[in-house]
Amino acid sequence: MTVSEQQLEEAIDTLKESGVRITPQRHAVLDFLLNSKGHPTADEIYKALEGKFPNMSVATVYNNLRVLKEIGLVRELTYGDSSSRFDCDTTEHYHIICEDCGKIVDFYYPTLDEVESLAEQVTGFEVSHHRMELYGTCPDCKELTDTPEKNVQ
């Protein structure tokens, strides 16, 4: 059994324990997310699955993502643009985002618990969570800007 197959079985068990029905569409959305190397939008998930489920709507995808998010199987990532992205990796990690193409890559670093603690001490807030984002240019976009044709004057 592959890692993604094991993750899918565990996720389905979580859905069952939560009393959520496992519809074919919900199963497909979850499977797509678990096998996705990126952080797809609801529209990207819809487009990837519409051939298999011709009667499925974008609303169905959004509803399934909402349920998966409420149960804790998916994180919704918002970065100020109009499209949320979804991440099945719910472990503590950060993201680095390409400013040219929008690609999002997971970045693992020890959590910033000390920063949360200091923020609580300095501000009096009770910190519930934090998010760190790094921005730059991905290797693919960097390669495009470093090509000799671009540098000729």
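In what follows, the structure referred to is the one given above.
For every chain, the first residue of the written sequence is number 1, and numbering continues from 1 onward in sequence order. For a predicted model such as this one, the threshold for reporting local features is a pLDDT of at least 70, and the threshold for listing and counting side-chain atom pairs is 80 or more; totals across whole chains, interfaces and linings nevertheless cover every residue. Side-chain metrics in this entry use all non-hydrogen atoms of the structure; hydrogen atoms and water are not considered.

Student: Help me understand the overall build of the chain, please; the structure alone is not making it clear to me.
Tutor: Secondary structure elements follow DSSP: runs of H or I of four or more residues count as helices, runs of E of two or more count as strands, with numbering from the N terminus. A count of helices and strands for the chain gives seven helices and five strands. Along the chain, helices and strands appear, N-terminal first, in the series α-α-α-α-β-β-β-β-α-β-α-α. Seen through its principal axes, the chain has C-alpha atoms that stretch 55 × 50 × 35 Å. Buried residues in the chain amount to 31% of all 153 residues. In what follows, residue pairs with any heavy atoms lying within 4.5 Å of each other are defined as contacts. Put simply, 45% of the contacts in the chain that link residues at least 6 apart link residues at least 24 apart. Accessible surface, the chain as shown: approximately 10,300 Å² in total, 51% of it carbon and sulfur. Burial classes: relative accessible area under 20% of the type maximum marks a residue as buried, over 50% as exposed, and values in between as partly exposed (1.4 Å probe, protein chains only). Here the Shrake-Rupley method, with its probe set to 1.4 Å, supplies the accessible areas, and only the displayed protein chains count as covering residues.

Student: I'm lost on the nonpolar core in this one. Help?
Tutor: Buried together is how nonpolar side chains tend to be arranged in soluble globular proteins. Nonpolar core, defined: a set of buried Ala, Val, Leu, Ile, Met, Phe, Trp, Tyr and Cys residues in which side-chain atoms within 4.5 Å join the residues together. Counting residues in hydrophobic clusters, the biggest one holds 24 residues, and the most contacted among them are Leu30, Leu33, Leu65 and Leu68. Of all the secondary structure elements, the ones that give two or more residues to this core are helix H1 (3–17), helix H2 (24–35), helix H3 (42–49) and helix H4 (58–71). No other element matches H2, which puts five residues into this core. In this view, Leu68 contacts Leu15, Val29, Leu30, Leu33, Leu73 and Val74; residues no more than four positions away in its chain are not counted.

Student: Would you explain the state of the cysteines in this entry?
Tutor: Here a disulfide denotes a covalent bond joining the sulfur atom of one cysteine to the sulfur atom of another. Cysteine sulfur atoms that pair up within 2.5 Å are treated as a disulfide. Taken as a whole and assessed by the stated rule, the structure comprises zero disulfides. Just so you know, Cys138 is unpaired, no disulfide at all, and the nearest cysteine sulfur is the one on Cys141, 3.6 Å from it. When its relative accessible area of 10% is taken as the criterion, Cys138 is described as buried.

Student: Would you mind showing me how to read the sheet that holds strand S3 (residues 94–98) here?
Tutor: Either a parallel or an antiparallel arrangement is found when strands of a sheet pair, and the pairing is made through backbone hydrogen bonds. Taking strand neighbours across the sheet as the criterion, the three strands line up as S4-S3-S5 in an open arrangement whose pairing is mixed. Edge positions in the open sheet fall to strand S4 (104–107) and strand S5 (133–136), since each of these has one partner strand only. Put simply, the sheet's adjacent strands are angled 25° from each other on average, direction ignored. Bridge count between S3 and S5: four bridges; the pairing is parallel. Note on S5: the bridge partner recorded for Ile96 is Leu134. Strand pairing is defined by DSSP finding a minimum of two bridges between the two strands. For every element, the axis is a line fit to its C-alpha atoms; helices are fit only across the contacting stretch, and the angle between N-to-C directions ranges from 0 to 180 degrees.

Student: How should I be thinking about the pairing of S4 in this particular structure?
Tutor: Two faces, one strand: in a regular strand the side chains alternate between the faces of the sheet. Sheet topology places S3 next to S4; four bridges connect them, and they run antiparallel. Residue Ile96 lies in a different strand from S4, and its bridge partner there is Val105. Between S3 and the antiparallel strand that follows it, S4, lie five residues; Gly102 among them carries a positive phi value of about 85°.

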